[in-house]
Amino acid sequence: MTMLKSPLQEARQAYQPKMPVALTGNVQLVEGQATESVADQEQIKALFPNTYGMPVITLEPGASAGNQQTADTFNVGVILSGGQAPGGHNVICGLFDGLQRINPNNKLYGFKGGPSGLIEHDYVELTAKVIDEYRNTGGFDIIGSGRTKLEETWQFDKGIEICQKLGIKAIVIIGGDDSNTNACVLAEYYLQKQCGIQVIGCPKTIDGDLKNEFIETSFGFDTACKTYSELIGNIQRDANSACKYWHFIRLMGRSASHIALECALQSQPNVCLISEEVEAKNMTLNDVVNQIAAVIVARANAGLNFGTVLIPEGLIEFIPAMRVLIQELNDLLANNEEFTALEGDDAKREYVKNMLTPASCELYRSLPKGIARQLTLDRDPHGNVMVSQIETEKLLIEMVSKRLAQLKAAGEYKGKFSSINHFFGYEGRCAIPSNFDADYCYSLGMTATQLIAAGKTGYMAVVRNLAQPHTEWIAGGCPITMMMNMEHRNGKMKPVIQKALVRLDGAPFLFLEQHRAEWADANTSYIYPGPIQYYGPTEVCDQPTKTLKLEHPM
Ligand code: FBP
């Protein structure tokens, strides 16, 4: 069946992604010094004796064909893991084209529905015909994704079975910090077993929290932020025209506030909350409410009863007292059949209230019922509350509204407060990838093939120098063990890739801090970014995020 396509889809199918120079011809791998993990070196080394300490790899233009074309054929399996991120399809297209360039008889298999596809042997061969349909498209629908954790040896052994059956030499796992941690565990296990299967990771997540010295940004962050910023800009223009609503906009991003921060840099709202700052300053929910109310009052005094407030999705977990409450709820609700069996919200609410510590119980009772209920919904496979389902923007509207009423009664506020709530998350996760993400992802796929062809395992494909034009980009591989430390997870110390939250001493946050008073005040400073542009002048179409530019100045 042929898919119906929009003119833009048709045009994007023909787009040829730009790549670092090294990937455009013959490639040679240059190895650097041996590496160490970011922390807890002794423990990580003991847990990963075979993959610890490997060198960083840089891909450079090669003089001869080198590993470029080989007579031996080999097959590769690919897995998409976790939440969608624009550009995932292009990683797969880059992988496919890279494999074909090495030997046209090489095959690419996609494991369907995420890591469970490997365990359940649910796969599809990705032929040229299939691949061509998905070039430069958003979404993960080519093979689907899932959140099954790959962490037990029986799962790894099921992987060996199917790889041996299909002649798969390497598995590429496209995922976030947890999926890449698991990729590393899998690589180590396969080396121990000497089964000859390599594992390579690729850095995906719109959240932007898989970031370190070698991963300048995870893919998808660029497109998602540009999509949300367009919508925020449109809302700001409407607010500035109608002059009657305060818009409270929650933005996806799980724990880290990178998305909210980047959107603020692109659109200059009146208020942008940063969860990491709220935590560092030990702020209460009331402090946050007072901060927003103060801006509303100041603008109302200047005759402006409208504005925008950006709220990171994970805010609630960064308010210290809320964090304690959520932790208690996580422990209480883990595999709690008694709770699950209760019928109706009221019975569940009573049950929870009786089990919490007094301080958490008081906080729980003070929350609007709807929010309290959302805090007790199903957990994700890692046992965490699903922050995308908690309507923090509504909670803040309700609390700010009450605070303004108090101020009005005290004669300190004379304005009019009408609010509208928004949540931008799923709108941006599958958008058609920006040129940046299309180019970056295709390059990551091509890089992964080079690492596979050279027999590498336990590496993440990386492309660096991304704030520069693509001709200056540097492709290579970074040992995953290098990004690891030991962290407390589900009651145990585990080796994991360090998550990157917003740094309060980092250039993007400092820029916000320096300008936010100006953005909050009566001289409206809104920026209207407009939609992502795919065709036109490079300064319009090929700009990286502000975060990337501020973190990596020329
Ligand atoms: P990943 O970390 O897997 O990339 O998830 C990204 C994300 O979009 C988060 O921002 C969000 O909190 C979560 O997924 C939503 O999960 P779900 O897709 O299960 O609703």
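Since the structure is predicted, the reported quantities are computational estimates derived from the model, not experimental observations. (Residues numbered from 1 in each chain as written. Predicted model: local features only at pLDDT ≥ 70, side-chain atom pairs only at ≥ 80, totals over all residues. Heavy atoms only, no water.)

A. Inspection of the site of the ligand at higher detail. The ligand sits among 14 residues. The nearest are Gly-83, Arg-147, Asp-207, Glu-313 and Tyr-426. Note that an oxygen atom of the ligand is positioned 2.8 Å from one of the backbone N or O atoms of Gly-83. Side-chain polar atom of Thr-205 to an oxygen atom of the ligand: 2.9 Å apart, as the coordinates give it. Contact with the protein chains hides 84% of the accessible area of the ligand, taken as 490 Å² for the molecule alone. Residues that form the shell around the ligand fall into these classes: 3 nonpolar, 5 polar and 6 charged. (Near = heavy atom within 4 Å. Polar contact = N/O pair within 3.5 Å; in protein donor to acceptor, adjacent residues only side chain to side chain. Areas by Shrake-Rupley, 256 points an atom, 1.4 Å probe, with all protein chains shown as cover. Nonpolar A, V, L, I, M, F, W, Y, C, P; charged D, E, K, R; others polar.)

B. Representation of the nonpolar core within the structure. One finds Val-78, Ile-92, Leu-108, Val-172, Ile-174, Tyr-228 and Leu-251 to be the most contacted residues of the largest nonpolar core, which totals 74 residues. Trp-246, Met-283, Ile-316 and Leu-325 belong to the second-largest nonpolar core, a separate cluster that totals 49 residues. (Core = buried A, V, L, I, M, F, W, Y, C linked by side-chain atoms within 4.5 Å. Buried < 20%, exposed > 50% of the residue type's maximum accessible area, 1.4 Å probe, protein only.)

C. Structural detail: the environment of Thr-35. Structurally, Thr-35 can be placed in the loop between strand S1 (27-31) and helix H2 (41-47). Remark: the alpha-carbon pair of Thr-35 and Tyr-52, spanning 17 residues in sequence, is separated by 7.8 Å. For Thr-35, the contacting residues outside a window of four places in its chain are Tyr-52, Gly-53, Met-54, Pro-55, Val-56, Pro-479 and Met-482. Within the local environment of Thr-35, its side chain forms a polar contact with the backbone oxygen of Met-54, the two atoms lying 2.6 Å apart. (Helix = DSSP H or I, 4+ residues; strand = E, 2+ residues; numbered from the N terminus. Contact = heavy atoms within 4.5 Å.)

D. A look at the state of the cysteines. This structure, assessed with the given rule, holds 0 disulfides. With no disulfide of its own, Cys-163 lies 7.9 Å from the sulfur of Cys-195, the closest cysteine sulfur. With no disulfide of its own, Cys-225 lies closest to Cys-263 among cysteine sulfurs, the gap being 4.7 Å. (Disulfide = S-S within 2.5 Å.)

E. View of the pattern of salt bridges. Under the criterion given, the structure shown has 23 salt bridges. Among the ionic pairs, Lys-18 bridges to Asp-542, the shortest N-O distance being 3.1 Å. Of the two residues, Lys-18 is situated in the loop between helix H1 (7-13) and S1 and Asp-542 in the loop between helix H22 (538-541) and helix H23 (546-551); the sequence distance between them amounts to 524 residues. A relative accessible area of 22% means that Lys-18 is categorised as partly exposed. Here Lys-494 makes a salt bridge to Glu-151, at a shortest N to O gap of 4.0 Å. With a gap of 343 residues between them, Lys-494 in strand S15 (residues 492-497) and Glu-151 in the loop between helix H5 (128-134) and helix H6 (153-166) connect regions that are remote in the sequence. Of the residues examined, Glu-151 reaches a relative accessible area of 34% and is grouped as partly exposed. (Salt bridge = Lys/Arg side-chain N within 4 Å of Asp/Glu carboxyl O.)

F. How the structure looks around the packing of H6 against helix H7 (residues 177-193). Direction vectors running N to C along H6 and H7 enclose 65°, while the axes themselves pass 11 Å from each other. With respect to H7, the element H6 is oriented roughly perpendicular. The way H6 lies across H7 gives a crossing that is right-handed. Across the interface between the two elements, Thr-153, Phe-156, Asp-157, Gly-159 and Ile-160 of H6 pack against Val-185, Leu-186, Tyr-189, Tyr-190 and Lys-193 of H7. (Axes fitted to C-alpha atoms, helices over the stretch in contact; angles between N-to-C directions. Parallel < 35°, antiparallel > 145°, perpendicular 65-115°, else oblique. Left-handed = near helix turned anticlockwise from the far one by under 90°.)

G. Region of interest: the environment of Gln-236. For Gln-236, the position within the fold is in helix H8 (residues 221-242). Classification of Gln-236 as buried rests on a relative accessible area of 0%. For the pair Gln-236 and Asp-177, spaced 59 residues apart in sequence, the C-alpha to C-alpha distance is 34 Å. With sequence-adjacent residues up to four places away left out, Gln-236 is seen in contact with Ser-267, Gln-268, Pro-269, Thr-308, Tyr-526, Ile-527 and Tyr-528.

H. The arrangement of the sheet that holds strand S8 (residues 246-251) in detail. Taken in spatial order, the 4 strands make up an open sheet running S9-S10-S8-S11, and their pairing is parallel. Where the open sheet ends on each side, the last strands, each with one partner, are strand S9 (271-272) and strand S11 (419-424). Sheet analysis places S8 next to S11, joined by 6 bridges and oriented parallel. Residue pairing in the sheet places Trp-246 in a bridge with Ser-419 of S11. Running at roughly 155° to strand S10 (residues 307-312), helix H9 (residues 258-267) makes contact with S8, S9 and S10 of the sheet. (Pairing = 2+ DSSP bridges.)

I. How the structure looks around the sheet that holds strand S7 (residues 198-203). In spatial order, the strands read S1-S2-S13-S12-S7-S6-S3-S4-S5; together these 9 strands make up an open sheet with mixed pairing. The open sheet has two free edges, formed respectively by S1 and strand S5 (123-125), since each of these has just one partner strand. In this sheet, adjacent strand axes meet at a mean angle of 30° when their direction is disregarded. Relative to strand S12 (residues 459-464), S7 is paired through 2 bridges, and the arrangement is parallel. Residue Ile-200 lies in a different strand from S12, and its bridge partner there is Tyr-459.

J. Structural context of H7. Helix length check: H7, at 17 residues, gives a terminal C-alpha distance of 24 Å against a target of 24 Å (1.5 Å per residue), a fit within 8%. Counting buried positions over the 17 residues of H7 gives 12, a clear majority of the element. Regarding H7, the residues found buried are Asp-177, Ser-179, Asn-180, Thr-181, Asn-182, Ala-183, Cys-184, Leu-186, Ala-187, Glu-188, Tyr-189 and Tyr-190. Positioned one or two residues after H7, Gln-194 has a phi angle of 50°, which is positive. (Expected span 1.5 Å × (residues − 1).)

K. How the structure looks around the side chain of Glu-277. Among the structural elements, Glu-277 can be located in helix H10 (residues 275-280). Judged by relative accessible area, Glu-277 falls into the buried class, the value being 7%. Of note is the side chain of Glu-277, whose polar atom sits 2.7 Å from the side chain of Lys-281. If sequence neighbours within four positions are ignored, Glu-277 has contacts with Leu-504, Phe-509 and Arg-516.

L. View of the side chain of Thr-392. Summarising the element assignment, Thr-392 is placed in helix H18 (residues 392-409). The class of Thr-392 is buried, set by a relative accessible area of 1%. For Thr-392, the residues in contact, after removing those within four places along its chain, are Arg-250, Ile-311, Glu-313, Leu-315 and Ile-316.

M. Quick look at the packing of aromatic side chains. Under the definition given, this model contains 8 aromatic pairs. Between Tyr-189 and Tyr-190, the ring centres sit 6.1 Å apart and the planes meet at 55°, which makes this aromatic pair tilted. Take Tyr-189 and Tyr-190: they sit in the same class, and that class is buried. Within the aromatic cluster, the residues linked to one another by ring pairs are Phe-156, Tyr-189 and Tyr-190. (Phe/Tyr/Trp six-rings, centres within 6.5 Å; stacked < 30°, edge-to-face > 60°.)

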